[in-house]
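Architecture at a glance
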Amino acid sequence: QASWVQWVAVGAGTPDPSLAITTDRGRRGSYMTAVFKTPFSGEPVVVVNSAQWSGIPMVAATIDSTATSFDLMIYGHQASGGAIDQAWTDTIAIGPGTPDTSLMVQSGSGTYGHAEHINFPKSFGDMPTVVVCAQSDGIPRMASPVDNTSSGFTVAIMDHAGNAVSQASMQWIAVGLAP
């Protein structure tokens with residue numbers, strides 16, 4: 001069975017001057033439409049794999065992305081199940097438009113455990129938007145940044161039964177104001 005997948009990759013290289021990046025961090029609920037502060041000139045890629053409430057990570061995805069908005073779906077782990085009324089979400093969208101030169105992008109990867117703190121290589125000028133993904137034993141895990149600051153974040157990583165994961169391979173991307 002096929003699934004719809006959107007992705008963002010960050011690496012060394014020259015930025016594409018035809019692509020804009022926008023971020024959002026806020027309390028959202030399932031079936032909610034989120035509107036971009038600045039519309040794109042075409043349909044962007046929108047990644048919102050990070051959602052959490054009270055430090056408990058959840059599964060999140062975007063649907064029906066347009067140049068001006070996207071719809072959001074958030075589900076709890078099997079123990080809490082079903083669509084979630086509200087959670088904190090971090091969203092990064094990249095698409096056709098004018099780049100914002102005041103933004104800085106950082107990324108990293110490594111092996112981390114639930115409730116572990118990760119420091120950014122360089123502090124941001126303000127609290128950035130952070131998205132994470134994690135896996136252990138070849139199984140995707142629910143992961144989300146918690147307590148974001150300009151210098152780092154704490155990661156929450158759980159399995160689908162709601163148990164804390166002590167060790168997982170994790171990748172993260174942070175976008176925020178340059179210092």
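Reading the values: rules and limits
- Residues numbered from 1 in each chain as written.
- Predicted model: local features only at pLDDT ≥ 70, side-chain atom pairs only at ≥ 80, totals over all residues.
- Heavy atoms only, no water.
- Helix = DSSP H or I, 4+ residues; strand = E, 2+ residues; numbered from the N terminus.
- Rg over C-alpha atoms; globule rule 2.2 N^0.38 Å.
- Areas by Shrake-Rupley, 256 points an atom, 1.4 Å probe, with all protein chains shown as cover.
- Lys, Arg positive; Asp, Glu negative; His and termini not counted.
- Charge placed at Lys NZ, Arg CZ, Asp CG, Glu CD.
- pLDDT = per-residue confidence, 0-100.
- Salt bridge = Lys/Arg side-chain N within 4 Å of Asp/Glu carboxyl O.
- Buried < 20%, exposed > 50% of the residue type's maximum accessible area, 1.4 Å probe, protein only.
- Phe/Tyr/Trp six-rings, centres within 6.5 Å; stacked < 30°, edge-to-face > 60°.
- Pairing = 2+ DSSP bridges.
- Axes fitted to C-alpha atoms, helices over the stretch in contact; angles between N-to-C directions.
- Core = buried A, V, L, I, M, F, W, Y, C linked by side-chain atoms within 4.5 Å.

**What about the overall build of the chain?**
In terms of helices and strands, the chain carries zero helices and twelve strands. Start at the N end of the chain and walk to the C end: the helices and strands fall as β-β-β-β-β-β-β-β-β-β-β-β. Here the chain has a C-alpha radius of gyration of 16 Å; the compact-globule value for 179 residues is 16 Å, and the two agree. Principal-axis analysis of the C-alpha atoms places the extent of the chain at approximately 45 × 35 × 30 Å. Surface accessibility of the chain: about 9,300 Å² in total, with carbon and sulfur atoms responsible for 52%. Treating the 6 positive side-chain charges of the chain as one cloud and the 13 negative ones as another, the clouds have centres 6 Å apart.

**Some details on the confidence of the model for the chain**
For the chain, the average pLDDT comes to 88, and 92% of its residues sit at 70 or higher. By mean pLDDT, strand 3 (residues 45-53) is the weakest element of the chain at 84, and strand 8 (residues 116-119) is the strongest at 97.

**A look at the pattern of salt bridges**
All told, the structure shown has two salt bridges when counted by the stated rule. The closest approach of N and O atoms between Asp 24 and Arg 28, which form a salt bridge, is 2.5 Å. Taking the relative accessible area as the measure of exposure, Arg 28 reaches 18% and is therefore buried. Asp 90 is paired through a salt bridge with Arg 25; the nearest N and O atoms lie 3.1 Å apart. Residue Asp 90 is found in strand 6 (residues 87-96), and its partner Arg 25 is found in strand 1 (residues 19-28); the two are separated by 65 residues along the sequence. Overall, the relative accessible area of 1% leaves Asp 90 in the buried class. What makes Arg 25 partly exposed here is its relative accessible area of 25%.

**Some words on the packing of aromatic side chains**
Considering all chains together, one arrives at six aromatic pairs under this definition. Each ring, one from Phe 36 and one from Phe 70, has its centre 5.6 Å from the other, and the planes form 45°; the classification is tilted. With Phe 36 in the loop between strand 2 (32-35) and strand 3 and Phe 70 in strand 5 (residues 69-75), this residue pair connects regions lying 34 residues apart in the sequence. Judged on exposure class, the residue Phe 36 and its partner Phe 70 are both buried. An aromatic cluster is present here, built from Phe 120, Phe 124, Phe 153 and Trp 172 joined pairwise through their rings.

**Focus on the sheet that holds strand 5**
Strands sit in the order 1-6-3-4-5-2 across an open sheet of six strands; the sheet is antiparallel. With partners counted over all chains shown, the strands left at the sheet margins are strand 1 and strand 2, one partner each. Taking the axes of each pair of neighbouring strands and ignoring which way they run, one obtains an average angle of 25° across the sheet. Sheet topology note: the strand 1/strand 6 ladder contains ten bridges and is antiparallel. Across the sheet, residue Arg 25 finds its bridge partner in strand 6, namely Asp 90.

**Let's talk about the nonpolar core**
Formed by 17 residues in total, the largest nonpolar core has its most connected members in Val 132, Phe 153, Val 155, Ile 157, Met 170 and Trp 172. Mapped onto this core, the elements with two or more residues apiece are strand 7 (103-112), strand 9 (129-136), strand 11 (152-158) and strand 12 (168-177). Per-element tally for this core: the top contributor is strand 12, with four residues. Judged by nonpolar contacts, the second largest core, of 15 residues, contains Ala 34, Val 46, Val 48 and Ala 93.

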